[in-house]
Amino acid sequence: MKAIWIALLGVALLAGSASGASSGGSIDLVAYSTPKDAYGKIIPAFQKTSGGNGTSFNQSYGASGDQARAVAAGQAADVVALSLDPDVNLLVQKGLVPKKWAANAHRGIVSDSVVVFVVRDGNPKKIKGWGDLVKPGIQVITPNPFTSGGARWNVMAAYGAQRRAGKTDKQAVAYLYKLFRHVPVQPSSARDALSIFAQGKGDVLLTYENEAKYAEKKGVHTEYRTPKATLLIETPVALTKSGLRKPAAKAFYKYLWSATAQKAFASQGYRPVVKGVAKGYKFYKPPRLFTINSAKLGLNGWTKVNRRFFHPEKGIMAKIERAIGK
Amino acid sequence: MASNAAVAERLPAGRSGRAGGGLARGVATGYLSLVVLLPLAALIWGARAGGAGSFWHEATRPEAVAAMKLTLGVAAVCALVNAVAGTAIAWVLVRDRFRGKGLVDAVIDLPFALPTIVAGLTLLALYGPGGPFGIDIAFTRTGLLLALLFVTLPFVVRAVQPVLLELDTEMEEAAASLGAGSFGVFRRIIFPNLLPAILSGVALAFARAVGEFGAVVLISGNLPFKTEVSSVYIFGQLQSGNEAGAAAVSVLLLAISLGVLLLIGAFRRWRTRHDSA
């Protein structure tokens, strides 16, 4: 019994010392999981700057949607780094992030990527463009767009590439039906999809360029091909209202667009958004790149895209899953 | 151990003497309410948010129904396999003598200690397309069942083992001396004695299989209408911002599971009464 009290006292003391350190300025960073290694480089560099001197960090990483919901439910967060706009907008709706969170020179976007095809060594099935994915016998691995927010980039890249090639909306949707008939499994997340592909399932994996680079680094026997027409993935960072009250959090937010931080992103396979930084890193520029806001291609931002394609019941993807399942 | 025996001795007396009963009942109800009933109530409260019409609509969407049928079916098969295999393992552990028995006995509980997502990853590496045995059952219902069997293994074994240990071999010897064959001894003496324990184990394994997420999310492939189980479907609804849908399916699944568990419990009690009569 005595031991328990001593242990409890110890915990209380530890908690006390932790909160004591935070008075020097502690920043709660809540982020999605893949940029963890990049932040692992950025944070120590920031702590060496005058603005970051003496600050401490509480970092939390997880699936983007889960992280957004955790913050919405009360998890402390000064800076949120999420994988797509709607997750930030959830926090805007809850009044935790100001409406004008994207009002900086980079529209709140801290890094870019593109949707790519990861293929087996030597590209035995000769997969280059979107048309190759729906050839007979080709198996495509892409996460379930209802469990993985990130998988929605893949779906919209597929749709947008068809529109970019001059197809009508109807034809592009028909392509999605065709494409998903080639999808034998729908992993729950991008990382799960990579594990399953690495296990030998499928001929091509749809994923982000940074994941493809990560796979290469990990020694998975794959190569990747960037289709000529593909979607630019933009990942946002926002200051919450509590972050806006902390000078250190504001300094950190700004620091994310510094050359050092942008280089850290680049070294982890993300495309830097600040000009000049990308020099020295090899990032292929697809000639027909489009964004989720390319209105000419029928892409009118995530809010509308989500409603039309990913509504869990009436969305185009829900209908596709139903048509294929039956 | 000694205190356990003391408690066991006191139990029947505690029933007649009311002294400690009230307090124990109070603690039990309080604890149960706080730890189990409160979250369940909150879940039902969440499912009720859209109204009864929306609840039913969400819970009976074709994807949801397909996932639920698969979940309950696979869980039932898993529980049945466990009933047979678990009893056999318990039998070997109690009645057989062999080297390394202590180790095997300890290994039984390991599936509980392993984070289930790791279990899923390992099973995928073993039985996936790149596996060392050349069997590829990942992303099929067989693979799903295998993952569930892995995580539910300990339930029946651990429920049956202590009963088997306590079982008096004199009864079996008497039956054998009266001319019963070994199958007869098993069917008339051993099996009836083990049945309540087997049923408890089966109920636990079934319940666990219904709710399992980590072990199945990788190996099932999550193909809607084919290999997507309820837990993954519910996760998808949450990720898509459809909290009401997630809660509705959870509540219906819980209600069905409760029904199954009550049935198993009732059957067990009926058997016990039937036996002693």
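Positions within a chain are numbered from 1, following the residues in the order the chain's sequence is written. For naming, the first written chain is A and the first written ligand is 1, with later ones following in the order written. Local features in a predicted model are, by the rule used here, given only for residues with pLDDT of at least 70; side-chain atom pairs are given and counted only at 80 or more, and totals for whole chains, interfaces and linings are based on all residues.

1. Description of the overall build of chain A
And step 1. Segments assigned H or I by DSSP are reported as helices when at least four residues long, segments assigned E as strands when at least two residues long, and all are numbered from the N terminus. When its secondary structure is counted, chain A shows 14 helices and 10 strands.
And step 2. For 326 residues, the compact-globule estimate of 2.2 N^0.38 gives 20 Å, and the C-alpha radius of gyration of chain A, at 21 Å, lies within 12% of that figure.
And step 3. Structurally, chain A occupies a C-alpha span of about 70 × 55 × 40 Å along its principal axes.
And step 4. Three exposure classes are used. Buried residues have 20 or more other C-beta atoms within 10 Å of their own C-beta, exposed residues have 12 or fewer, and partly exposed residues fall in between, all C-beta atoms being placed from the backbone. Per-residue burial for chain A yields a buried fraction of 47% across its 326 residues. Computation of the radius of gyration draws on C-alpha atoms, with the globule rule given as 2.2 Å multiplied by the number of residues to the power 0.38.

2. Overview of the overall build of chain B
And step 1. Scanning chain B from N- to C-terminus turns up 13 helices and 0 strands.
And step 2. From first element to last, N terminus to C terminus, chain B shows the α and β order α-α-α-α-α-α-α-α-α-α-α-α-α.
And step 3. Each principal axis of the C-alpha distribution contributes one length, and for chain B these read about 65 × 60 × 35 Å.
And step 4. Taking all 277 residues of chain B together, the buried fraction comes to 34%.

3. Re the domain arrangement of chain A
Residue and element names in this part refer to chain A.
And step 1. Residue ranges assigned to each domain were obtained from an automatic or database domain assignment. One can read the domain layout of chain A as domain 1 (24-111 + 234-272) and domain 2 (114-232 + 288-325).
And step 2. A C-alpha centroid distance of 27 Å is found between domain 1 and domain 2.
And step 3. Residues are treated as contacting if the C-beta atoms built from their backbones sit within 7 Å of each other. Of the residues lining the interface, 13 residues belong to domain 1; the matching set on domain 2 comes to 13 residues.
And step 4. Gly falls in the polar group here, along with every residue not listed as nonpolar (Ala, Val, Leu, Ile, Met, Phe, Trp, Tyr, Cys, Pro) or charged (Asp, Glu, Lys, Arg). A breakdown of the residues in the side of domain 1 that touches domain 2 according to their chemical character gives 4 nonpolar, 6 polar and 3 charged.

4. Focus: the nonpolar core
And step 1. Think of a nonpolar core as buried Ala, Val, Leu, Ile, Met, Phe, Trp, Tyr and Cys residues chained together by C-beta atoms that fall within 7 Å. The biggest cluster of nonpolar side chains holds 156 residues, and the ones touching the most others in it are Val79, Val80 and Leu231 of chain A together with Ala147, Leu148 and Val249 of chain B.
And step 2. Of all the elements, helix 10 (residues 182-211) of chain B adds the most residues to this core, at 14 residues.
And step 3. Sequence-distant contacts of valine 249 of chain B, that is, excluding residues within four places in its chain, are made with Glu58, Ala59, Ala64, Met68, Ser230, Tyr233 and Ile234 of chain B.

5. Overview of the interface of chain A and chain B
And step 1. On the side of chain B, 26 residues touch chain A, which itself brings 23 residues to the contact.
And step 2. For the side of chain A that touches chain B, the class distribution of residues is 7 nonpolar, 10 polar and 6 charged.

6. Quick word on helix 7 (residues 169-180) of chain A
Residues and elements named next belong to chain A.
And step 1. Given a helix with a known number of residues, its expected span is that number minus one, times 1.5 Å. Between its terminal C-alpha atoms helix 7 stretches 17 Å, which fits the 16 Å expected from 12 residues at 1.5 Å a residue.
And step 2. Of all the residues in helix 7, the buried ones are Tyr175, Leu179 and Phe180. The arc that holds the buried residues of helix 7, viewed along the axis, is 125°, so those residues lie on one side. Those residues of helix 7 that are exposed and angled more than 90 degrees off the buried face are Lys170 and Gln171.
And step 3. Buried residues belonging to helix 7 abut helix 5 (130-133), strand 5 (140-141), helix 6 (151-164) and helix 14 (316-325). The directions considered for the arc run from the helix axis to the C-beta atoms.

7. Digging into the environment of methionine 68 of chain B
All names here are of chain B.
And step 1. Tracing the backbone shows methionine 68 in helix 4 (residues 62-95).
And step 2. A sequence separation of 184 residues divides methionine 68 from leucine 252, and the C-alpha atoms of the two residues are 9.1 Å apart.
And step 3. Contacts of methionine 68, omitting those with residues within four sequence positions, involve Ser230, Val249 and Leu253.

8. Considering unusual backbone geometry
A negative phi holds for most residues other than glycine; trans holds for most peptide bonds.
All names here are of chain B.
And step 1. One non-glycine residue with positive phi stands out, namely asparagine 222, at about 55°.
And step 2. Mapped onto the secondary structure, asparagine 222 falls in the loop between helix 11 (214-219) and helix 12 (230-239).
And step 3. The phi dihedral of phenylalanine 225 is positive, around 75°, even though this residue is not glycine.
And step 4. Relative to the helices and strands, phenylalanine 225 is located in the loop between helix 11 and helix 12.
And step 5. The class for phenylalanine 225 is partly exposed, based on 17 C-beta atoms found within 10 Å.

9. Some words on helix 3 (residues 52-59) of chain B
All names here are of chain B.
And step 1. Those residues of helix 3 not exposed but buried are Phe55, Glu58 and Ala59. On an axial view of helix 3, the arc spanned by its buried residues comes to 90°, and they lie on one face. Set apart from the buried face of helix 3 by more than 90 degrees, the exposed residues are Gly53 and Trp56.

10. Looking at the domain arrangement of chain B
Residues and elements named next belong to chain B.
And step 1. Domain parsing of chain B yields domain 1 (1-48) and domain 2 (52-276).
And step 2. Using C-alpha coordinates to define each centre, domain 1 is positioned 26 Å away from domain 2.
And step 3. Across the boundary between the two partners, domain 1 contributes 5 residues, which contact 7 residues of domain 2.
And step 4. Looking at the side of domain 1 that touches domain 2 residue by residue, the classes come out as 3 nonpolar, 1 polar and 1 charged.

11. Side note on the environment of valine 277 of chain A
Residue and element names in this part refer to chain A.
And step 1. Assignment of secondary structure puts valine 277 in the loop between strand 9 (271-272) and strand 10 (288-290).
And step 2. A count of 19 C-beta atoms within 10 Å places valine 277 in the partly exposed class.
And step 3. In this structure, the C-alpha to C-alpha distance between valine 277 and lysine 263, residues 14 residues apart in sequence, is 6.4 Å.
And step 4. Not counting chain neighbours up to four residues away, the residues in contact with valine 277 comprise Ala259, Gln262, Lys263, Ala266 and Pro272.

12. Some points on the pairing of strand 4 (residues 109-120) of chain A
Residues and elements named next belong to chain A.
And step 1. When you tally the buried positions in strand 4, you get 10 out of 12 residues, the bulk of the element.
And step 2. Any two strands are treated as partners once DSSP identifies two or more bridges connecting them. Across 5 bridges, the pairing between strand 4 and strand 6 (residues 204-208) is antiparallel. Its bridge partner lying in strand 6, valine 116 is registered against threonine 207.
And step 3. Both strand 4 and strand 7 (residues 222-225) contribute to a ladder of 4 bridges, which runs antiparallel. Opposite valine 118, over in strand 7, you have tyrosine 224 as the bridge partner.

13. Here's the deal with the confidence of the model for chain A
Residues and elements named next belong to chain A.
And step 1. Scored by pLDDT, chain A comes out at a mean of 90, with 93% of its residues at no less than 70.
And step 2. The pLDDT value tells you how sure the predictor is about a given residue, anywhere from 0 up to 100. Confidence, read as mean pLDDT per element, is least for helix 1 (residues 2-22) in chain A (43) and greatest for helix 7 (98).
And step 3. In this model, residues 1-23 is a region of pLDDT below 50 whose contacts with residues beyond four sequence positions or in other chains number 3 contacts.

14. Here's the deal with the environment of lysine 254 of chain A
Residues and elements named next belong to chain A.
And step 1. Tracing the backbone through its elements, the reader meets lysine 254 in helix 11 (residues 247-255).
And step 2. Judged by local crowding, lysine 254 falls into the partly exposed class, with 14 C-beta atoms found within 10 Å.
And step 3. Residues lysine 254 and asparagine 104, spaced 150 residues apart in sequence, show a C-alpha to C-alpha distance of 9.6 Å.

15. A closer look at the packing of helix 8 (residues 141-166) of chain B against helix 10 of chain B
Residues and elements named next belong to chain B.
And step 1. Look at helix 8 against helix 10: their axes get within 8 Å of each other, and the N-to-C directions meet at 160°. Here helix 8 lies roughly antiparallel to helix 10, going by the angle between them. Helix 10 is crossed by helix 8, and the crossing has right-handed handedness. For the pair helix 8 and helix 10, the contacting residues are Leu148, Val151, Thr152, Phe155, Val156, Ala159, Val160, Val163 and Leu164 in the first and Asn193, Leu194, Ala197, Ile198, Ser200, Gly201, Val202, Leu204, Ala205, Arg208 and Ala209 in the second.
And step 2. Of the residues contributing to the contact of helix 8 with helix 10, the split by class is 15 nonpolar, 4 polar and 1 charged. To get an axis, a line is fitted to the C-alpha atoms, and for a helix only the part in contact is used. The angle between two axes follows their N-to-C directions and goes from 0 to 180 degrees. Reported orientations rely on four angle classes, namely roughly parallel under 35 degrees, roughly antiparallel over 145, roughly perpendicular from 65 to 115, and oblique for the rest. When the near helix sits turned anticlockwise from the far one by under a right angle, the crossing is termed left-handed; a clockwise turn instead gives a right-handed crossing.

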